[in-house]
Amino acid sequence: MIGPLLAGVLAFGVVALQPVAAGAQANNGEAGSLELVDPNVFRACGDPRNLPFSNDKGEGFENKLAELFAAKLGKKLSYTYFPQATGFVRMTLGSFRCDIIMGFPQGDDQAQVTVPYYRTTYALVFKPGSGLEDVTAISDPKLKDKRIGIVAKTPPSTNMAINGLLGHAKSYPLFIDTRADSSAQAMMDDLAKGEIDCGILWGPMAGYYASQATPPLVVVPLTKETTGPQMTYRIGMAVRAADQEWKRTLNRLIMENQPEINKLLISYNIPILDETNMPITADTLSKRP
């Protein structure tokens, strides 16, 4: 789940998770902690209209990952859907309506995060033949005269300001109701119409929407940034602070199923990176022992 949340890791206000209700049954967690995790149902939180992450038809990669983990645990799967905007964590995980957010950045203190299951970055998106194929940083001189689409208040907008690129930029809103709007889709539509020359999007959105275009757009991860805010993030799953045993279970599932998770992400054209910023692709996976 990453609309406003990871579009800038800014979308949610600081929200404290509510305490576990009195009388909750304790699991085998840390001493003194209470876990309110359904033993029979894998209760996931998601956005009803936020592809490629999730939707209420179960078509996103987070939906598919939830299906995989539910099957591994022998649990039924259920979803609590809520538009991804301010209050998402409070109204879902924090209100005990579900037990896991399937995609959450490490370093966000609104919830406890598992080990990461992928690493990605913001990416440049453009039409084939635009001459931008070797651009790997926003500071590249080739971007100086380009009309660049950018989601407002996301990390790359700061880098664009540092490099004097906002004068020709077209801004798209970060805070939207995903049930009615999509800044990523609007940006891709403008790119197709020639109203912008290229766009900068959160990697999973860039890869997914670029693959939907005809012909497909080019996606280049921006991995060489040396100034401005962090643009590359490790993504795990979010659970409540008290749910230590649940977190350990999910950590084990992630580590045991990482090859299958990678294949799932790649099938959605998500640009995933190893720890040296090299792309993990279907070809590189096939060459691994």
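Everything here concerns the structure above.
This text gives an overview of the structure that appears in the document. Since the structure is predicted, the reported quantities are computational estimates derived from the model, not experimental observations.

In the structure shown here, the tally under the stated rule is 9 aromatic pairs. Both rings, one in phenylalanine 42 and one in tryptophan 246, keep their centres 5.8 Å apart while their planes meet at 65°; by these two values the pair is edge-to-face. With phenylalanine 42 in strand E1 (residues 41–46) and tryptophan 246 in helix H7 (residues 244–256), this residue pair connects regions lying 204 residues apart in the sequence. Judged on exposure class, the residue phenylalanine 42 and its partner tryptophan 246 are both buried. Pairing tyrosine 79 with tyrosine 81 gives two aromatic rings, centres 4.9 Å apart and planes at 5°, and the pair type is stacked. Judged by relative accessible area, tyrosine 81 falls into the partly exposed class, the value being 28%. Clustering of aromatic rings is evident, with ring pairs tying together Phe53, Phe61, Tyr117, Tyr118 and Tyr268.

Judged by nonpolar contacts, the single largest core of 65 residues is most densely connected at Phe42, Phe61, Leu65, Phe69, Tyr118, Leu124 and Ile200. If we ignore the near neighbours within four places in the chain, the residues touching leucine 124 are Leu132, Val135, Leu143, Cys198, Gly199, Ile200, Val218, Val219, Val220 and Leu222.

Once that is clear, we can look at the state of the cysteines. According to the stated counting rule, one finds 1 disulfide in the structure shown. One disulfide bridge connects cysteine 45 with cysteine 98, the sulfur atoms lying 2.0 Å from each other. Looking down the S-S bond of the cysteine 45 and cysteine 98 bridge, the torsion is 105°, so its handedness is right-handed. You can see cysteine 45 sitting in strand E1 and its partner cysteine 98 sitting in the loop between helix H3 (88–91) and strand E5 (100–105), a full 53 residues away along the chain. Here the two residues cysteine 45 and cysteine 98 agree in accessibility, since each one is buried.

In this section: H7. Compared with an ideal rise of 1.5 Å per residue, which puts 13 residues at 18 Å, H7 spans 18 Å between its outermost C-alpha atoms and is within 8% of the ideal. Taken as a whole, H7 has its buried residues at Gln244, Trp246, Thr249, Leu250, Asn251, Leu253 and Ile254. Buried positions along H7 lie against E1, helix H2 (61–73), E5, strand E6 (112–113), strand E12 (232–239) and helix H8 (258–267).

Our next topic: unusual backbone geometry. With an omega of 15°, the peptide bond running from leucine 51 to proline 52 counts as cis. Within the secondary structure, proline 52 sits in the loop between strand E2 (49–50) and strand E3 (54–55). Unusually for a residue other than glycine, lysine 153 sits at a positive phi of about 70°. Here lysine 153 shows up in the loop between strand E8 (148–151) and helix H4 (155–162).

Conventions we followed
Residues numbered from 1 in each chain as written. Predicted model: local features only at pLDDT ≥ 70, side-chain atom pairs only at ≥ 80, totals over all residues. Heavy atoms only, no water. Phe/Tyr/Trp six-rings, centres within 6.5 Å; stacked < 30°, edge-to-face > 60°. Helix = DSSP H or I, 4+ residues; strand = E, 2+ residues; numbered from the N terminus. Buried < 20%, exposed > 50% of the residue type's maximum accessible area, 1.4 Å probe, protein only. Core = buried A, V, L, I, M, F, W, Y, C linked by side-chain atoms within 4.5 Å. Contact = heavy atoms within 4.5 Å. Disulfide = S-S within 2.5 Å. Expected span 1.5 Å × (residues − 1).

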